[in-house]
Amino acid sequence: LPVVSAAGRRQRYSLMLVLDLEATCNRRKDLAPVEIIELSAVLLDARQLQVKGEFQAYVRPTQHPVLDPFCIELTGITQQQVDSGAPLADALQRLDDWLTQLGALEQHVTLLPVTWTDWDLQVCMEQECEWRGIIKPPYFGYWCNLKKAFLYKYHQSPSLKKAVHMAGLTWEGRAHSGIDDARNTCSLLLHLIRDKGAVLTVTGSFAGAQLPGTTAAAGHPRPAAAAAAARPAEPAAALETPGQVLQGDTASVSDQQAAAGTSAALLGPACSTGTAPSSSTSDPPPSQHTDQQAGPSSQTPTATITTTRHNSSGALKQTLLRPHAPRGSHDPFRSGAWDGCCRCGVKAHLRTTKKPGANHGRSFFSCGSWRITDKGKQCDFFSWVDGGEKKEGG
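Residues numbered from 1 in each chain as written. Predicted model: local features only at pLDDT ≥ 70, side-chain atom pairs only at ≥ 80, totals over all residues. Heavy atoms only, no water.

Undergrad: Outline the pairing of strand β4 (residues 111-115), listing residues and values.
TA: Of all the five residues making up β4, five are buried; the element is thus mostly covered by neighbouring parts of the structure. Residues Leu111, Pro113 and Thr115 line one face of β4 and the alternating positions Leu112 and Val114 line the opposite face, and both faces are buried. One ladder, built from four bridges, connects strand β1 (residues 15-23) with β4; its direction is parallel. The residue of β4 that forms the bridge with Leu17 is Pro113. For the segment spanning β4, helix α5 (residues 119-132) and strand β5 (residues 142-145), crossover handedness is right-handed. (Buried < 20%, exposed > 50% of the residue type's maximum accessible area, 1.4 Å probe, protein only. Helix = DSSP H or I, 4+ residues; strand = E, 2+ residues; numbered from the N terminus. Pairing = 2+ DSSP bridges. Right-handed = clockwise from strand over helix to strand, strands pointing away.)

Undergrad: Which residues make up the packing of aromatic side chains, and what are the values?
TA: For the structure shown, the criterion picks out nine aromatic pairs. Here Phe150 and Tyr154 contribute two aromatic rings whose centre-to-centre distance is 4.4 Å and whose plane-to-plane angle is 10°, an arrangement assigned as stacked. Of the two residues, Phe150 and Tyr154 are both situated in helix α6 (residues 146-154); the distance of four residues between them amounts to about one turn of the helix. The class for Phe150 is buried, based on a relative accessible area of 0%. Ring plane angle 90° and centroid distance 5.1 Å describe the contact between Phe382 and Trp384, whose orientation is recorded as edge-to-face. Assigned by exposure class, Phe382 and Trp384 land together as buried. Taken together through their ring pairs, the aromatic side chains of Trp116, Phe150 and Tyr154 make up a single cluster. (Phe/Tyr/Trp six-rings, centres within 6.5 Å; stacked < 30°, edge-to-face > 60°.)

Undergrad: A description of the pattern of salt bridges should follow, citing residues and the corresponding values.
TA: Counted by the stated rule, this structure contains eight salt bridges. It is possible to trace a salt-bridge network through shared partners that takes in Glu35, Glu128 and Arg132. (Salt bridge = Lys/Arg side-chain N within 4 Å of Asp/Glu carboxyl O.)

Undergrad: Now, about the environment of Leu211: what can you tell me, with residues and values included?
TA: Topologically, Leu211 is positioned in the loop between β6 (204-205) and α9 (227-230). Sequence separation between Leu211 and Leu111 is 100 residues, and the spatial gap between their C-alpha atoms is 9.2 Å. Dropping the residues within four chain positions of it, Leu211 is found in contact with Tyr142, Val202 and Ser205. (Contact = heavy atoms within 4.5 Å.)

Undergrad: Account for the nonpolar core, naming residues and giving values.
TA: Ranked by internal contacts, the top residues of the largest apolar core, which has 67 residues, are Met16, Leu39, Leu99, Met125, Phe140, Leu146 and Leu200. When neighbours within four sequence positions are excluded, Leu146 is seen to be in contact with Val114, Thr115, Trp116, Thr185, Leu188, Leu189, Leu192 and Leu200. In this structure, Trp338, Cys344, Leu350 and Cys367 belong to the second largest nonpolar core, which totals 10 residues. (Core = buried A, V, L, I, M, F, W, Y, C linked by side-chain atoms within 4.5 Å.)

Undergrad: Could you give an account of the packing of α6 against helix α8 (residues 178-194), naming the residues involved and the relevant values?
TA: Two numbers describe a pair of packed helices, the interaxial angle and the distance between the axes. Two elements in contact, α6 and α8, have axes separated by 11 Å at closest approach and are oriented at 40°. Here α6 lies oblique to α8, going by the angle between them. Relative to α8, α6 is oriented so that their crossing is left-handed. Taking contact as the criterion, the partners of Leu146, Ala149, Phe150, Lys153 and Tyr154 in α6 are, on α8, Thr185, Leu188, Leu189, His191 and Leu192. (Axes fitted to C-alpha atoms, helices over the stretch in contact; angles between N-to-C directions. Parallel < 35°, antiparallel > 145°, perpendicular 65-115°, else oblique. Left-handed = near helix turned anticlockwise from the far one by under 90°.)

Undergrad: Explain the environment of Tyr13 residue by residue, including any values.
TA: Inspection of the secondary structure puts Tyr13 in the loop between α1 (6-9) and β1. Expressed as a C-alpha distance, the spacing of Tyr13 and Val202, which sit 189 residues apart in the sequence, is 9.9 Å.

Undergrad: So what's going on with the confidence of the model for the chain? Residues and values would help.
TA: Scored by pLDDT, the chain comes out at a mean of 75, with 69% of its residues at no less than 70. When the criterion is pLDDT under 50, residues 215-222 qualifies, and its contacts beyond four places in sequence or with other chains add up to 17 contacts. Residue range residues 224-326 is modelled with pLDDT below 50. Its contacts to residues more than four positions away, or to other chains, number 244 contacts. (pLDDT = per-residue confidence, 0-100.)

Undergrad: Just give me the short version of the pairing of strand β8 (residues 349-352), but keep the residues and values in it.
TA: Covered by surrounding structure in β8 are His349 and Arg351 together with Leu350 and Thr352, the residues of both alternating faces. Sheet topology places β8 next to strand β9 (residues 363-366); four bridges connect them, and they run antiparallel. Paired with Arg351 across the bridge in β9 is Phe364.

Undergrad: Could you give an account of the sheet that holds β8, naming the residues involved and the relevant values?
TA: Read across the open sheet, the three strands follow the order β8-β9-β10; overall the sheet is antiparallel. Here the strands that pair on one side only, and so sit at the sheet edges, are β8 and β10 (382-384). Across this sheet, the average inter-strand angle for adjacent strands is 25°, counted without regard to direction.

Undergrad: Kindly report on α8, identifying the contributing residues and their values.
TA: If you check α8, its first and last C-alpha atoms are 24 Å apart, about what 17 residues at 1.5 Å a residue would give, namely 24 Å. Of all 17 residues that make up α8, 14 are buried, and the element is covered over most of its length. (Expected span 1.5 Å × (residues − 1).)

Following this line, the structure appears as structure tokens:
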């Protein structure tokens, strides 16, 4: 019979999928859209605290098919590896098949994805699947951010490599290699469970996600179900490269980029009732991690819209703590000029369209209440900064 450790007996989930994504990037951090180029995972038996297997697949980008030299240097991923890689939908299907073969998707099994930071599943996977028209596996609707567990135990929030060293462990492999990052994340996870008594649970999820144990895992939608009609036909050679199943027993493009993406989603223009805000060009462009992809509402503001971005943490905190009016009840043009807010009564967010198409690169203002994990809470406020209409094909 399998030996269940005392630390494993306390865990709420029977299996943990330690996941790491690598994506296209450049030194300027202005590449858009970001595309996944490596999907790697380690499957851990959370009861026995033993690794059941490893998975790795290189993914071929389509919007920026030639890797930037900075990306190659950072991740160690070569142009040849992504050229021979699979489309994202196929890589996800192979991951799903691999998990099925290991019994991870059986009805009685509870599977918890584990990542280092929220970026992998909350931002990167979510947004690329959305603009590609791919149905995500349901187990990617929730996750455990191991960095939060580390913070709780060590009261610090370092990079993955530094966290491994702080825990007294030895870093194995290359930083920003997806499979090596997944392996090192798994080692850190085992340390937190065995030596620090951590009990892992869901720390982030999307609205409507079916959490482990609340629904049958069998019969879930296949990852590539919606992709066939949404993406162009792939060359036959691209479909012949399987995800590599590795034997044996790791942050993403960078923690700094993930933090920059989160900050860009939170910062918005200053509200100034009575007159339109003044323009400012002192701030850097939005992060290369994509923000909300929105369409125009039926009511387009006629006032001239410019923006002043917040730079200090104090201004950001004040924005976040501002009381929300009931959704849609605020009139942002009651004074005759736009007051910088959306119909929720909060500061509108300045965003840039990262989705490929005719509108790529255009800036717009939209609801300040929008959150990537719950898009149903936003109002319908929308305006292109250039005052134009949505271009066909965008």
